[in-house]
There are 2 protein chains.
Amino acid sequence: MSAVEITLTSEMQNRLGRIYEKMSEADAHALLLSDNSNIYYVAGRVFRGYIFIAAGCDPLFFVISPNNISGALVHNVRKPEMIPDILAEHGVALPSVLALEVDDLSYSDITRLSKAFGVDDIRNASAIMKEARAVKTPHEINLLKADGVRQAAAYARIPRIYKEDMTDVEFQIELERELRLEGCLGYYRTSGRSMEINLGTVLNGDNADAPTPYDFALGGGGADPSLPVGADGRTMLPGTTVMVDMCGNFNGYQTDLTRVWSIGSVPASALEMHDVAREILHTLEREALPGVPVARLYEIAMDIVRAHNLEDYFMGRSQHAPFIGHGVGIQLNELPVITPRSRHILQENMVLAIEPKFFVPGVGAVGLENTYRVTASGLECLTVAPEEIQDITQ
Amino acid sequence: MSAVEITLTSEMQNRLGRIYEKMSEADAHALLLSDNSNIYYVAGRVFRGYIFIAAGCDPLFFVISPNNISGALVHNVRKPEMIPDILAEHGVALPSVLALEVDDLSYSDITRLSKAFGVDDIRNASAIMKEARAVKTPHEINLLKADGVRQAAAYARIPRIYKEDMTDVEFQIELERELRLEGCLGYYRTSGRSMEINLGTVLNGDNADAPTPYDFALGGGGADPSLPVGADGRTMLPGTTVMVDMCGNFNGYQTDLTRVWSIGSVPASALEMHDVAREILHTLEREALPGVPVARLYEIAMDIVRAHNLEDYFMGRSQHAPFIGHGVGIQLNELPVITPRSRHILQENMVLAIEPKFFVPGVGAVGLENTYRVTASGLECLTVAPEEIQDITQ
């Protein structure tokens, strides 16, 4: 059993700096974390337990399990009720205002924690952490760049896995294998309980427009009523498209990359709509600069869609997703969300997945998705891969 | 886009009967559900929205998405705040006591719902639903039986996928593919946010004893600090075992099946411990009768372990899991949990995964896991597969 030490690295200090800033803006002096994504963000590894963060002192790590984690800032506990006494021993005054992950933890968990700490005034640590995590550190950017390279490498092998008369599920299974062999961890972290998905979505033909309960741009009906999203088991017929939007988590961070292939040739209208999606992306690559309101990105996209009279086909037809992209990092759905109502302003080193997609009735989905870093001169693409619709049968 | 109708089937009425019984025991007159597992249990499909259940009237389904669900009991809503008015239109009095899923929904969600309904007296719908779901209907048993057959069929192909000098991750990837080709949906539903896993665990050699933050009997250290569970990338060397405990979800329900293979031959001590695990299972198959306290199953197992002086190796060595099994169904971790502290009494048609496992230092994990139905004459195995340790290289 190998021991793991948690220490106050410069990377951890960078991240804590972001958290302190957002805590201050929310007027929260102390914060207690236990959501896996937030634990991973601060500690660089997932454990079961809690991290206590307060301005003016080092963070403290309260670990329930595993039992091989050590370090000067680490305390092993059996339950959260043990934390206040340990804080007192460290001369840390018990906070009267405590930020807890109210959007991530269950009602029962939050009730238990507020009782253990004797606080009535609870602030929203989920919101604080989402804001802190929205702008990535250079180390996080490097992890995301590594994801993009590996995800694109697996996608490049897609034409090789296609066989005539394959179903969309069979196709997806071979693609899952390629991603996993490339190093994909096989797990999506999402925010919110209702986002359920296996290793991604493969959307062939009209299934791309089947309504889904989940927050996906084009969801697909799925193969079973218990998991109504993605591939539905249909044979991939000539004249249709297949849109691939699979898991890009190779290291705890994840890129989001969507590409489309055609089965044989598809109508010119589909290729034209695909080109409009590319036009949207290339325009946003120039226009998305630090200081620009995120809502403006949505407006720019919609202006292009309207100029081509394609509103009815954009982001689904039976259900229109009212967004064109989202932040991505440890979780698939991070801040900012690119909607007309967003109040966020673009900042350097935000990482955005932008996904203009159209549904072409009788053909399938077209469009694409890249993951980008916001830089002073526009968007830097982290998921470089051919953008054209290629015929998968060639 | 195909429409889906939700109607009051006899199966739904069976399940509602179980829920009414548990509501009555908890003195809760009304219940509002929105957790995906509970939605699936009642409606037979996952949607985003709410189900309102009260004694004396039909359940009402409030669907946010997808938009293709219809039926006399179905109402489309945009948000939960619209529900009370619709209840009033149906002549349903707003409850002063409301059971909500406090263990499953976030603090923010519960706060929002209690405000929308104007209730202060909140009861635990999570607990009610877990108790209701603990005893399966004949239809649920049939789904679980179908899972067991398919999971065993995929496991039977395991010797075929092994290649010399394979890593545990490479082995797992090929096994994931076999399971998916057999129809596995590729998704685990678990209760509680902290259970993160991809498609299961493959534990080779000493990695079987690596501590993990998650609630697994033998967890494994994993290949990345963001997902510290399961295979860790080691080459599967001769003289070790590989324990396979992969996803058995083929239809929204899931069986739990664990088997062990050896890479070449392993020491007699490993085979002896494996036989003790089989002795535990076969004893419990006879002793686990309706009316027997669940805690007694744990005692019976521990008596056998002690008789062989194997306490130090049972259910892990670096971390001992204080349980030997659990209910299984829509979620991987249902009631009852087989621990010394369980207060549950066995009932016919409970479905239990029982998993006596040992860790043999220098060799790996041995033992096995079957999913059983409780019957009047003992346990009926739903996961019939060879129990011996087979040499995977033969």
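Nothing here was measured: the structure is a model prediction, and the numbers come from that model.

**Student:** Give me the lowdown on the overall build of chain A, citing residues and values where you can.
**Tutor:** Secondary structure assignment for chain A yields 10 helices and 19 strands. The C-alpha atoms of chain A give 22 Å as radius of gyration, which agrees with the globular expectation for 394 residues (21 Å, within 12%). If you line up chain A on its principal axes, its C-alpha atoms span 70 × 45 × 35 Å. Per-residue burial for chain A yields a buried fraction of 63% across its 394 residues. Taking the contacts inside chain A whose residues are at least 6 apart along the sequence as the reference set, 66% of them involve residues at least 24 apart. By element, 48% of the accessible surface of chain A is carried by carbon and sulfur atoms, the whole surface being about 14100 Å². If you average the places of the 33 positive and of the 52 negative side-chain charges in chain A, the two averages end up 4 Å apart.

**Student:** Got a sec to walk through the environment of B:R15? Specific residues and values, please.
**Tutor:** Residue and element names in this part refer to chain B. Within the secondary structure layout, R15 lies in helix α1 (residues 10–25). For the pair R15 and V42, spaced 27 residues apart in sequence, the C-alpha separation works out to 6.7 Å. Within polar-contact distance, the side chain of R15 engages the side chain of Y253 at 3.3 Å.

**Student:** Explain the relation of the copies chain A and chain B to me, using residue names and the numbers behind them.
**Tutor:** Once chain A is rotated about the relating axis by 180 degrees and shifted along it by 0.0 Å, it coincides with chain B to within an RMSD of 0.0 Å. Both copies are brought into coincidence by an operation consistent with a two-fold rotation axis.

**Student:** If you had to explain the sheet that holds strand β14 (residues 351–354) of chain B to someone new, which residues and values would you point to?
**Tutor:** Residues and elements named next belong to chain B. With respect to topology, five strands assemble into an open sheet ordered β13-β12-β14-β17-β18, the strand pairing being antiparallel. Bordering the open sheet on either side are β13 (334–338) and β18 (378–381), each of which pairs with just one other strand. Going from strand to strand, the sheet's axes swing by 30 degrees on average, the running direction of each strand aside. Relative to the sheet, helix α9 (residues 268–287) contacts β14, β17 (370–375) and β18, its axis offset from that of β17 by approximately 20 degrees.

**Student:** I'd love a proper account of the pattern of salt bridges, names of residues and values included.
**Tutor:** On inspection of all chains with the given rule, the structure shows 41 salt bridges over all chains. Between A:R278 and A:E388 there is a salt bridge, and its shortest N-O distance comes to 3.7 Å. In this pair, A:R278 is assigned in helix α9 (residues 268–287) and A:E388 in the loop between β18 (378–381) and β19 (390–391), connecting sequence segments 110 residues apart. Close ionic contact of B:E178 with B:R157 constitutes a salt bridge, the shortest N to O distance being 2.5 Å. One end of the pair, B:E178, is in helix α8 (residues 168–182); the other, B:R157, is in the loop between α6 (138–156) and α7 (158–161), with 21 residues separating them in the sequence. Here B:E178 falls in the buried class, since its relative accessible area comes to 14%. Among the ionic contacts, a cluster of salt bridges with common partners joins A:E21, A:K22 and A:E25.

**Student:** I'd like a description of empty space enclosed by the protein, backed by residues and values.
**Tutor:** Rolling a probe over the atoms, with the probe sized like a water molecule, indicates the empty space that remains. Scanning the model with the defined rule gives three cavities of 30 Å³ or more in all. A volume near 680 Å³ is recorded for the largest cavity. The wall of the largest cavity is formed by 38 residues, among which A:Y187, A:Y188, A:I197, B:Y187 and B:Y188 lie closest to the centre. Elements represented by at least two residues in the lining of the largest cavity include exactly α8 (168–182) of chain A together with α2 (36–43) and α8 of chain B. Across the lining of the largest cavity, the residue classes tally to 12 nonpolar, 13 polar and 13 charged. For the second largest cavity, the calculated volume is near 40 Å³. In terms of lining, the second largest cavity is formed by A:D35, A:N38, A:D104, A:S126, A:M129, A:K130, A:R133, A:S191 and A:Q331. Here the lining of the second largest cavity takes four residues from helix α5 (residues 125–134) of chain A, the largest share from any one element. A per-class count over the lining of the second largest cavity returns one nonpolar, four polar and four charged.

**Student:** Go over the interface of chain A and chain B, please, and point to the residues and values.
**Tutor:** Size of an interface, as often reported, equals the accessible area lost when the parts are brought together. Between chain A and chain B, the contact holds 56 residues from the first and 56 residues from the second. With both sides pooled, the region where chain A packs onto chain B buries about 4900 Å², and carbon together with sulfur makes up 51% of that total. Linking chain A to chain B there are six salt bridges. When the shortest N-O distance is used, the salt bridge between B:R180 and A:E176 registers 2.7 Å. Taken together, the connections running from chain A to chain B amount to 28 residue pairs in polar contact (both at pLDDT 80 or more). Contributions of two or more residues to the side of chain A that touches chain B are made by α2 (36–43), α4 (107–117) and α8 of chain A. When residues in the side of chain A that touches chain B are grouped by element, the largest group, seven residues, is from α8(A).

**Student:** Run through the nonpolar core, naming residues and quoting values.
**Tutor:** Core analysis: the biggest nonpolar cluster contains 182 residues, and A:V42, A:F171, B:V42 and B:F171 have the highest contact counts within it. If we ignore the near neighbours within four places in the chain, the residues touching A:F171 are A:I158, A:I161, A:Y162, A:M166, A:V202, A:M236, A:V242, A:V244 and A:I392.

**Student:** Can you explain the sheet that holds strand β9 (residues 200–204) of chain B? Please cite residues and give values.
**Tutor:** All names here are of chain B. Pairing is mixed in the open sheet, where four strands are placed in the order β9-β10-β11-β19. On the outer flanks of this sheet lie β9 and β19 (390–391), each paired with one strand and no other. In the sheet, β9 pairs with strand β10 (residues 241–246) via five bridges, with the strands oriented antiparallel. Its bridge partner lying in β10, L203 is registered against M243. Contacts from α6 reach β10 and β11 (257–262), with the element oriented near 10 degrees to β11.

**Student:** Now, about the pairing of strand β13 (residues 334–338) of chain A: what can you tell me, with residues and values included?
**Tutor:** Residues and elements named next belong to chain A. With four of five residues buried, β13 lies mostly within the body of the structure. Relative to β13, strand β12 (residues 325–327) runs antiparallel, the two sharing three bridges. Counted as the bridge partner of G325 is I338 from β13. Between the antiparallel neighbours β12 and β13 lie six residues.

Each value, and the rule that gives it
Residues numbered from 1 in each chain as written. Chains lettered and ligands numbered in written order. Predicted model: local features only at pLDDT ≥ 70, side-chain atom pairs only at ≥ 80, totals over all residues. Heavy atoms only, no water. Helix = DSSP H or I, 4+ residues; strand = E, 2+ residues; numbered from the N terminus. Rg over C-alpha atoms; globule rule 2.2 N^0.38 Å. Buried < 20%, exposed > 50% of the residue type's maximum accessible area, 1.4 Å probe, protein only. Contact = heavy atoms within 4.5 Å. Areas by Shrake-Rupley, 256 points an atom, 1.4 Å probe, with all protein chains shown as cover. Lys, Arg positive; Asp, Glu negative; His and termini not counted. Charge placed at Lys NZ, Arg CZ, Asp CG, Glu CD. Polar contact = N/O pair within 3.5 Å; in protein donor to acceptor, adjacent residues only side chain to side chain. Least-squares fit on C-alpha atoms with pLDDT ≥ 70 in both. Pairing = 2+ DSSP bridges. Axes fitted to C-alpha atoms, helices over the stretch in contact; angles between N-to-C directions. Salt bridge = Lys/Arg side-chain N within 4 Å of Asp/Glu carboxyl O. 1 Å grid on protein atoms, 1.4 Å probe; cavity = no way out; pocket = protein on both sides within 12 Å on 5 of 7 lines; lining within 4 Å. Points joined across faces, edges and corners; volume = space filled by probe spheres on them. Nonpolar A, V, L, I, M, F, W, Y, C, P; charged D, E, K, R; others polar. Buried area = accessible area lost by both parts, 1.4 Å probe. Core = buried A, V, L, I, M, F, W, Y, C linked by side-chain atoms within 4.5 Å.

None of this, on its own, says anything about what the molecule does.
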